[in-house]
Amino acid sequence: MRIQRSLIRLLILCSLCGLIASADAAPLRPTHAPHAMVASVHELASRAGLEMLRSGGNAVDAAVATGFALAVVYPQAGNIGGGGFLLLRNANGETHFIDFREKAPAAATENMYLDAQGNVLPESSKDSSVVGYKAIGVPGTVAGLVYAEKQYGKLTIEKVMAPAIKLARDGFSLAYDDAQDFKEDEHLAQFSESRRIFQRDGNYYQPGDLFKQPELARTLERLAKDPDTFYHGAMARELAVAIQKGGGLVTAADLAAYEVKEREPIRGSYRGYDVISAPPPSSGGVALIEILNILEGFDLAKLGNRSAAAIHLEAEAFRRAFYDRADFLGDPDFAKIPVAQLIDKKYAAAWRDSIDPNRASVSKDLKRPSFGELERVAQSRPVPNREPQNTTHFSVVDAEGNAVSLTTTLNDSFGSRVTASGLGFLLNDEMDDFAAKQGVPNVYGLIQGPANAVGAGKRPLSAMTPTIVVKDGKLFLVLGSPGGPTIITTVANVLIGVVDFSLDIQEAVNAPRFHNQWLPDEILVEDRVSPDTMNVLRSDGYKLRVEHFWGDGECIMVDPKTGERLGASDGRNNGKAVGY
Ligand code: GLY
């Protein structure tokens, strides 16, 4: 997993620069462009979007082209077999949030991932929620991207899919990290089609090798001609047969019943900036606004960027927002989510009063302030869940000032590791984003409530946080990242970096990250946080867990004075911001 890779990899990567397709590591300055920008985890996907912008397309055309291209060049998380969220803000201020999250198949049941003793099935089980056919939720990506293109794009589906088809058919040169990901994944080899495509049956791809995907190219060509085939035509039947042959639950009827939802985005404000973000079934926007509301009452700028005092207050805000996330968040079509109370500034003020400026709170002793309906709903019993770190985000701003913030996922890296037989694309393990069982902390220790129990036709709770920030009616920031629960705090870290600490967008993306998710009761810190700062945090009562790095902020800022587009791709990964 990328979170655990050492600096050596970056050094090797640099030594190979020029030989293989890879971006420079850790840019220190943003990419400048006068008109438009695309930032994504893969330069070829960013360039697919740029091609649309240069040929008369708008931000949605570019986003759809980038999204399909990522399904080819970044199969770890880019996808047509998964789902995601697209946040669009047009230059005239109109916003649209497109939910194309996967749904549980009709045959899914609350206890489907428990054994006869009531224990969660391990990853090695053929019926696991993580690996294999039972983990697959009904994919939403094709529906979401096609819906966005038809409703808000200017070009045709054929045009925006053309770069992805070419990349799949003609191939592209594999970067070091991608070749390593293909080789090192511990589950891909369990599925013969995945082993053949991504691991050449054991003759592993080397950095610089040309990676061609003829089956995927054919699938994309069919979709470009007739996108509806994925849900209602021959492809739906082929996909359902492939999944059911392996013991999965998704049927042709599930695919036919899939629907994209347009939802009202979550809105908040922070120090005079308007923040627009993801509503349930993501927890991202609600938690982000709650965090910002709590922090608005503190003068973080005075405390100093990455000072122990500032990290302490931010971590306490994170802790409280994740505590609420655990109890209240789930699919709004199935459970009443008290969004208005959770993002109320008066509620945040009550939480703020519970923070000791000099001492870490204890997660198990946290007491929710009495506020509106929240106490009553919170009687429900918490449910733990694991949330993998692998997802991908990209941002687009076009010449008119329309902006797209899009986060998409297969859940784990390479999803369920199942490749749809004959169709050439990987399928998600999004079913694992449901809470499989109550009361037992899992590998990531993340806790969730019954609102997120498995249920037929339900969308699992997400942390994806595509976000747009506006100042005085003008587009300012387009933000997002992968990282499971750390998505929310990564977006907060970047946003606070710009707004409170006056960092430019690249500095804010590069700055060391920290994360608290209520349970486990610890702060996760990147190892570039200074040792002195870590020691002060320890003396304040924090347990620290130090990781090399996580996340992948692919973000854009619009310079308020010049209108220039400033793209920031994250040096923690291989991405690239490109513009014109
Ligand atoms: N599967 C990652 C997320 O939705 O947050």
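Notes on the structure in this doc start here. (Residues numbered from 1 in each chain as written. Predicted model: local features only at pLDDT ≥ 70, side-chain atom pairs only at ≥ 80, totals over all residues. Heavy atoms only, no water.)

## A short note on the nonpolar core
This is how it is decided: Residues grouped as a nonpolar core are buried Ala, Val, Leu, Ile, Met, Phe, Trp, Tyr and Cys residues, joined through side-chain atoms within 4.5 Å. Using a 1.4 Å probe on the protein chains alone, a residue whose accessible area is under 20% of its type maximum counts as buried, one over 50% counts as exposed, and one in between counts as partly exposed. Where helices and strands are cited, they refer to DSSP runs of H or I of at least four residues and of E of at least two residues respectively, numbered from the N terminus. Whether two residues are in contact is decided by their heavy atoms: any pair within 4.5 Å suffices.
Counting 91 residues, the largest nonpolar core has Tyr270, Leu295, Leu300, Leu479, Ile505 and Ile523 as its most contacted members. The element best represented in this core is helix 14 (residues 308-328), accounting for 12 residues. Not counting the four nearest positions on each side in its chain, Tyr270 is found in contact with Val275, Leu292, Leu295, Glu296, Leu300, Leu495, Ile496, Val499 and Asp500. With 80 residues, the next largest nonpolar core counts Ala48, Ala69, Leu145 and Leu223 among its residues.

## A look at the pairing of strand 11 (residues 392-397)
Test applied: When DSSP finds at least two bridges between two strands, those strands are taken to pair.
Buried residues dominate strand 11, accounting for 6 of its 6 residues. Here strand 11 shows two buried faces, one formed by Thr392, Phe394 and Val396 and the other by His393, Ser395 and Val397. Where strand 2 (residues 37-40) and strand 11 come together, 3 bridges link them in antiparallel fashion. Bridge pairing in strand 11 places Ala39 opposite Ser395. The pairing of strand 11 with strand 12 (residues 403-409) spans 6 bridges and is antiparallel. Residue pairing across strands places His393 opposite Thr407, the latter belonging to strand 12. Two successive antiparallel strands, strand 11 and strand 12, enclose a turn made up of 5 residues, where Gly401 displays a positive phi of approximately 100°.

## A look at the site of the ligand
Stated precisely, the cut-off is as follows: To be near a molecule or strand, a residue needs just one of its heavy atoms within 4 Å of it. Nitrogen and oxygen atoms within 3.5 Å of one another constitute a polar contact, given that in protein one can donate a hydrogen and the other can accept it, and given that sequence-neighbouring residues count only through two side-chain atoms. Surface exposure here means Shrake-Rupley accessible area, sampled with a 1.4 Å probe, where a residue is shielded only by the protein chains that are shown. The classification used treats Ala, Val, Leu, Ile, Met, Phe, Trp, Tyr, Cys and Pro as nonpolar, Asp, Glu, Lys and Arg as charged, and all other residues, Gly among them, as polar.
Around the ligand lies a shell formed by Arg101, Thr391, Thr409, Asn411, Glu430, Asp433, Ser462, Ala463 and Met464. The contact in question runs from a nitrogen atom of the ligand to an N or O atom on the side chain of Asp433, over 2.7 Å. Within the side chain of Ser462, a nitrogen or oxygen atom sits 2.7 Å from an oxygen atom of the ligand. Against a free-state accessible area of 190 Å², the protein chains account for coverage of 100% of the ligand. In the shell around the ligand, the residues fall into 2 nonpolar, 4 polar and 3 charged.

## Some remarks on the sheet that holds strand 2
Our working definition: Axis angles are defined between N-to-C directions and span 0 to 180 degrees, where every axis is a line fitted to C-alpha atoms and, for a helix, only to the segment in contact.
Here 7 strands make up an open sheet; going across it, the order is 7-4-3-12-11-2-21 and the pairing antiparallel. Where the open sheet ends on each side, the last strands, each with one partner, are strand 7 (261-263) and strand 21 (576-579). The sheet shows a mean angle of 15° between the axes of neighbouring strands, direction not considered. Where strand 4 (residues 95-100) and strand 7 come together, 3 bridges link them in antiparallel fashion. Within strand 7, the position partnered with Ile98 by the bridge is Glu262. In this fold helix 3 (residues 59-73) packs onto strand 2, strand 3 (83-89), strand 11 and strand 12, with an angle of close to 155° to the strand it touches most, strand 11.

## A look at the environment of Asn79
When you line up the elements, Asn79 lands in the loop between helix 3 and strand 3. On a C-alpha basis, the gap between Asn79 and Thr141 in space is 7.2 Å, while along the polypeptide they are 62 residues apart. Beyond its immediate sequence surroundings of up to four residues, Asn79 is in contact with Leu70, Ala71, Thr141, Thr408, Thr409 and Leu410. Reaching out from Asn79, the side chain makes a polar contact with the backbone nitrogen of Gly82 at a distance of 2.9 Å. There is a polar contact of 2.5 Å between the side chain of Asn79 and the side chain of Thr141.

## Remarks on the packing of helix 14 against helix 18 (residues 486-499)
Threshold: Helix crossings are classified by the rotation of the near helix relative to the far one: an anticlockwise turn of less than a right angle makes the crossing left-handed, while a clockwise turn makes it right-handed.
One way to put it is that helix 14 packs onto helix 18 with a least axis distance of 11 Å and a crossing angle of 145°. Considering only the axes of helix 14 and helix 18, their crossing is right-handed. Where helix 14 approaches helix 18, its residues Glu314, Phe318, Phe322 and Arg325 are matched on the opposing element by Ile488, Thr489, Ala492, Asn493 and Ile496. Considering only residue class, the contact of helix 14 with helix 18 consists of 5 nonpolar, 2 polar and 2 charged.

## Here we look at the side chain of Ser194
For Ser194, the location among the structural elements is in helix 7 (residues 192-199). Note on Ser194: relative accessible area 0%, which makes it buried. Leave out the neighbours within four places in its chain, and Ser194 touches Leu188, Gln199, Arg417, Val418, Thr419 and Leu426.

## Details of the pattern of salt bridges
Where charged atoms from two side chains of opposite charge come close, those side chains can pair. Rule in force here: Salt-bridge detection follows one rule: a side-chain nitrogen of Lys or Arg within 4 Å of a carboxyl oxygen of Asp or Glu.
By the definition in use, this model includes 35 salt bridges. Salt-bridge contacts for Asp170 lead to Lys166; the nearest nitrogen and oxygen are separated by 2.9 Å. Residue Asp170 and its partner Lys166 are located together in helix 5 (residues 157-170), separated by 4 residues, close to a single helical turn. In this structure, the salt-bridge partner of Asp570 is Arg513, at a minimum N-O distance of 2.7 Å. Placement of Asp570 in the loop between strand 20 (565-568) and strand 21 and of Arg513 in the loop between helix 19 (505-510) and strand 16 (514-515) is noted, with a sequence separation of 57 residues between them.

## Topic: the packing of helix 2 (residues 43-54) against helix 5
Definition in use: Oblique is the label for every angle not falling under 35 degrees (roughly parallel), over 145 degrees (roughly antiparallel), or within 65 to 115 degrees (roughly perpendicular).
Relative orientation of the contacting elements helix 2 and helix 5 amounts to 150°, with a least axis distance of 9 Å. As summarised for this structure, helix 2 and helix 5 are arranged roughly antiparallel, according to the angle between their axes. Between helix 2 and helix 5 lies a crossing of right-handed hand. Facing helix 2, whose interface residues are Leu44, Ala48, Glu51 and Met52, helix 5 presents Lys159, Val160, Pro163 and Leu167. Grouping the amino acids of the contact of helix 2 with helix 5 by side-chain chemistry returns 6 nonpolar, no polar and 2 charged.

## Considering helix 20 (residues 531-539)
Spelled out, the test is: This arc describes the spread of directions from the helix axis toward the C-beta atoms.
Those residues of helix 20 that fall on the buried side of the exposure criterion are Thr533, Met534 and Leu537. Looking down the long axis of helix 20, one finds its buried residues gathered within 100° of arc, a one-sided arrangement. Facing away from the buried side of helix 20 by more than 90 degrees, the exposed set consists of Pro531, Asp532 and Ser539. Buried residues belonging to helix 20 abut helix 14, strand 17 (523-526) and strand 18 (544-547). At the exit of helix 20 stands Gly541, carrying a positive phi of roughly 110°.

## Points about the environment of Gln180
By the secondary structure assignment, Gln180 is in helix 6 (residues 176-184). For Gln180, a relative accessible area of 16% puts it in the buried group. Residues Gln180 and Ala45, spaced 135 residues apart in sequence, show a C-alpha to C-alpha distance of 19 Å.

## Here's the deal with unusual backbone geometry
Most peptide bonds take the trans form, and the phi angle of most residues other than glycine is negative. Looking along the chain, the bond that leaves Pro280 and enters Pro281 is cis, with omega of 15°. Following the sequence through the fold, Pro281 ends up in the loop between strand 9 (273-277) and helix 12 (284-295). Looking along the chain, the bond that leaves Leu519 and enters Pro520 is cis, with omega of 0°. Along the polypeptide, Pro520 turns up in the loop between strand 16 and strand 17. Of note, Asn411 is a non-glycine position whose phi angle comes to about 80°, a positive value. Positionally, Asn411 belongs in the loop between strand 12 and strand 13 (446-448). Here the phi dihedral of Arg417 falls at roughly 75°; this positive angle occurs in a residue that is not glycine.

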